[in-house]
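Tertiary structure, described
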Amino acid sequence: MRDLVQVAVCQVRAHALDPEANATTTVATIERAARDGARLVILPELAASGYGVERTALLAVAESVANPGPVLQAWRSAARRLKVAIVGGLAEVDGDRLFNSAVTIDESGEIVSVYRKLHLFAGERDCFAPGDLGLPIVTVLGMRVGVIVCYDLRFPEAMRILALRGAELIAVPTAWVAGFDRRPPSGRIGQVDGAIVQANLNQVYVACADTVGAIDPFTFLGQSVVVSPYGQALA
């Protein structure tokens, strides 16, 4: 019987278009999670740049997986030093294309998987190219991990495909905003309900790391959640 893997979802307040500040903030959060025993640390959507949909501004701070910038370098170093795996969101530049991506970094500090968001939300469609790498699954810490990002949860086929291909945990970097509930949310929001139902239907663990705070004009809901295959909100 293999050891259990402790997972942390980090509800980070990102700095708009400030990768150096975001490197500092996220690494401090990763260090805290590691001190608390986490082996897999999940960060929010676009945690490296702060959430936004202004293409020119994001291109100026976007990072390349082939040539990592300050945030990816900091995450890789933290993973290697702390012996943890990390899933985190970034604006990824590849040639003249910009993607809303999430990288998976293993405990040796290597980038072992890149997911590019398939389903773009609202103004994201004018900023990012739709994902072109499918739905990869990678084994980290002896566990098969799939990744989707935020609005992808509204398309249940994505998680279903990952589950059918053997994912045991699905990491979901998010930047949830209001607008999906009929009145302002008090308590659990519809996006969390969707994650709970899908975890149960697909018999997988789901870990959603949400953003908190505000980056004009967006106010984020801070509703991170970890769900068991039985549809129980564990955290």
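Keep in mind that this is a model prediction, so the values were computed, not measured.

Glancing now at the sheet that holds strand 1 (residues 7-9). Across a sheet, strands are paired by hydrogen bonds formed along the backbone, either parallel or antiparallel in direction. A sheet is described by the order of its strands in space; here five strands give the open sequence 1-2-3-4-5, paired in mixed fashion. Strand pairing shows two members of the sheet lacking a second neighbour, strand 1 and strand 5 (111-116), which therefore form its edges. Within the sheet, the average angular offset between the axes of one strand and its neighbour, ignoring direction, is 30 degrees.

With 13 residues, helix 3 (residues 70-82) should cover 18 Å at 1.5 Å per step; its first-to-last C-alpha distance of 18 Å lies within 8% of that length. Where the residues of helix 3 are buried, they touch helix 1 (19-35), strand 3 (85-94), strand 4 (97-105) and strand 5. Positive backbone phi, at 60 degrees, marks K83, one or two positions downstream of helix 3.

This part takes up the pairing of strand 9 (residues 205-209). Most of strand 9 is tucked away: four of the five residues are buried. With five bridges connecting them, strand 8 (residues 169-173) and strand 9 associate as parallel partners. Bridging from a neighbouring strand, L169 pairs with Y205 of strand 9. By the bridge criterion, three bridges tie strand 9 to strand 12 (residues 225-227) in an arrangement that is antiparallel.

With that settled, the discussion passes to unusual backbone geometry. A cis geometry characterises the amide bond from D216 onward to P217, with omega recorded as 5 degrees. Mapped onto the fold, P217 is located in the loop between strand 10 (212-215) and strand 11 (218-221). Positive phi, normally seen in glycine, also occurs at L46, with a value near 50 degrees. Considering the arrangement of structural elements, one finds L46 in the loop between strand 2 (40-42) and helix 2 (55-61).

Moving on, we get to the nonpolar core. Counting residues in hydrophobic clusters, the biggest one holds 41 residues, and the most contacted among them are L40, I148, L153, I170, V206 and C208. Look past the residues within four positions of I148 in its chain and what remains in contact with it is Y115, L135, L153, A158, M159, L162, I170, A171, V172 and P173. If you look at the next biggest cluster of nonpolar residues, it comprises 23 residues, including A8, L43, A48 and A78.

Bringing the pairing of strand 11 into the picture now. Taken together, the four bridges between strand 10 and strand 11 define a ladder with antiparallel strand orientation. Residue pairing in the sheet places V212 in a bridge with L221 of strand 11. Between strand 10 and the antiparallel strand that follows it, strand 11, lie two residues.

Another point: the side chain of S64. Relative to the helices and strands, S64 resides in the loop between helix 2 and helix 3. Within the structure, the side chain of S64 is placed 3.2 Å from the backbone nitrogen of A66, a separation counted as a polar contact. Ignoring sequence-local partners within four residues, the contact set of S64 consists of L72 and V93.

We now examine the sheet that holds strand 12. One open sheet accounts for five strands, arranged 6-7-8-9-12; its pairing is mixed. Only two strands of the sheet have a single neighbouring strand rather than two, namely strand 6 (137-140) and strand 12. Strand-to-strand twist in this sheet, taken as the mean axis angle between neighbours without regard to direction, amounts to 25 degrees. Bridge count between strand 6 and strand 7 (residues 143-147): four bridges; the pairing is antiparallel.

Turning to the packing of helix 1 against helix 3, a few remarks are in order. Viewed as axis vectors pointing N to C, helix 1 and helix 3 meet at an angle of 20 degrees, and their least axial separation amounts to 9 Å. The pairing of helix 1 with helix 3 is recorded here as roughly parallel in orientation. As helix 1 packs across helix 3, the resulting crossing turns out to be right-handed. Together, P19, E20, A23, T26, V27, I30, E31 and A34 of helix 1 and P70, V71, A74, W75, A78, R81 and L82 of helix 3 make up the contact between the two elements.

Another aspect to go through is the packing of helix 4 (residues 156-164) against helix 5 (residues 190-202). The interhelical angle for the contact between helix 4 and helix 5, taken along N-to-C directions, is 35 degrees, at an axis separation of 10 Å. In this structure, helix 4 crosses over helix 5, and the sense of that crossing is right-handed. In contact with P156, M159, R160 and A163 of helix 4, helix 5 contributes Q198, A199, L201 and N202. The residue inventory of the contact of helix 4 with helix 5, partitioned by class, reads five nonpolar, two polar and one charged.

Definitions and cut-offs
Residues numbered from 1 in each chain as written. Predicted model: local features only at pLDDT ≥ 70, side-chain atom pairs only at ≥ 80, totals over all residues. Heavy atoms only, no water. Pairing = 2+ DSSP bridges. Helix = DSSP H or I, 4+ residues; strand = E, 2+ residues; numbered from the N terminus. Axes fitted to C-alpha atoms, helices over the stretch in contact; angles between N-to-C directions. Expected span 1.5 Å × (residues − 1). Contact = heavy atoms within 4.5 Å. Buried < 20%, exposed > 50% of the residue type's maximum accessible area, 1.4 Å probe, protein only. Core = buried A, V, L, I, M, F, W, Y, C linked by side-chain atoms within 4.5 Å. Polar contact = N/O pair within 3.5 Å; in protein donor to acceptor, adjacent residues only side chain to side chain. Parallel < 35°, antiparallel > 145°, perpendicular 65-115°, else oblique. Left-handed = near helix turned anticlockwise from the far one by under 90°. Nonpolar A, V, L, I, M, F, W, Y, C, P; charged D, E, K, R; others polar.

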